[in-house]
Amino acid sequence: MKTAIFFILNEYADWEGPYLSSQLNQNSEWTVKTASFSDEVTSIGGFKTIIDYQIDELPEKIDLLILIGGNSWDVKNETLRKLISDRLKNDQPVGAICGAVDYLAKNGLLSGYQHTGNSQAIWKNYSEYNNPDQFLPQQVVSDRNLVTANGTAALDFTEAVLKLIQFLPDKQLKPLIELYDNGFYEYCKKYGNPF
């Protein structure tokens, strides 16, 4: 069984992870768990989430680490920083969206990676952000083992992360994404009724 850990904080952006988590969790080879700094967090939309793991209780084997954005990523935590840094150095998959990318920039964790995010302008005072020339102004960027996205790119983020972990062959992944991107009736015209 492969494990995906979704790291979420209070005021997390509840629209950024559901496409991805639902695809992973419906697959018998994957399990989805949450992690944070507290036992319970509340999303921007008011959903209360009971957390599976505290930051210092994470399992040794994590197959995919997803950092969901929101309003609380201005945190300092060496355990989290080291976890992300070690995963990046060891070519292990990491996905970050929205405010979580801000955290990566602030902590120098985007070094050597092409990347995107909400706005490069807010990173100009981050002393550890040293590769602004590798910023690409697009919805999502996948570079080696890191996927970054802005907060409006939940579906693009899902597709890029699923490609990164080779979740499905491209010919199966494309229709799956198009179902949500183009809507049910357009999907049916192109591929037939999925149900």
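Residues numbered from 1 in each chain as written. Predicted model: local features only at pLDDT ≥ 70, side-chain atom pairs only at ≥ 80, totals over all residues. Heavy atoms only, no water.

(A) Quick peek at the sheet that holds strand β7 (residues 94–97). Pairing is mixed across the open sheet formed by seven strands, whose spatial order is β5-β2-β1-β6-β7-β9-β8. At either margin of the open sheet sits one strand with a lone partner, and together these are β5 (53–54) and β8 (140–143). Relative to β7, strand β6 (residues 64–67) runs parallel, the two sharing three bridges. When the bridges of β7 are listed, I66 appears paired with G95. Across the sheet, helix α1 (residues 18–25) touches β1 (2–7), β2 (30–36) and β6, and the angle it forms with β2 is around 135 degrees. Sheet contacts for helix α3 (residues 99–106): β6, β7 and β9 (146–149); angle to β7, the most-contacted strand, approximately 110 degrees. (Pairing = 2+ DSSP bridges. Helix = DSSP H or I, 4+ residues; strand = E, 2+ residues; numbered from the N terminus. Contact = heavy atoms within 4.5 Å. Axes fitted to C-alpha atoms, helices over the stretch in contact; angles between N-to-C directions.)

(B) Structural detail: the packing of aromatic side chains. As enumerated under the stated definition, the model contains nine aromatic pairs in all. Here the aromatic rings of F7 and W73 are separated by 6.1 Å at their centres, their planes lie at 50 degrees, and the arrangement is tilted. Linking F7 in strand β1 with W73 in the loop between β6 and α2 (78–89), this pair joins segments that are 66 residues apart in sequence. No difference in accessibility class separates F7 from W73, as the two residues are buried. An angle of 80 degrees between the planes, with centres 5.8 Å apart, marks the rings of W123 and F135 as edge-to-face. Of the two residues, W123 sits in the loop between α3 and β8 while F135 sits in the loop between α3 and β8, which places them 12 residues apart along the sequence. Neither residue differs from the other here; W123 and F135 are each classed as buried. (Phe/Tyr/Trp six-rings, centres within 6.5 Å; stacked < 30°, edge-to-face > 60°. Buried < 20%, exposed > 50% of the residue type's maximum accessible area, 1.4 Å probe, protein only.)

(C) Representation of the nonpolar core in the model. In terms of nonpolar packing, the biggest core is built from 29 residues, with F6, L20, L24, L64, I66, F157 and L162 touching the most fellow members. Only β1, α1, β2, β6, β9, α4 (154–164) and α5 (170–182) provide two or more residues apiece to this core. A total of five residues in this core trace back to one element, the largest contributor, which is α4. Apart from residues no more than four positions distant in its own chain, F6 is found in contact with G17, L20, S21, L24, V32, K33, T34, A35, I66 and I68. Counting residues in each nonpolar core, the second largest holds 28 residues, with F7, A35, W73 and L104 among its members. (Core = buried A, V, L, I, M, F, W, Y, C linked by side-chain atoms within 4.5 Å.)

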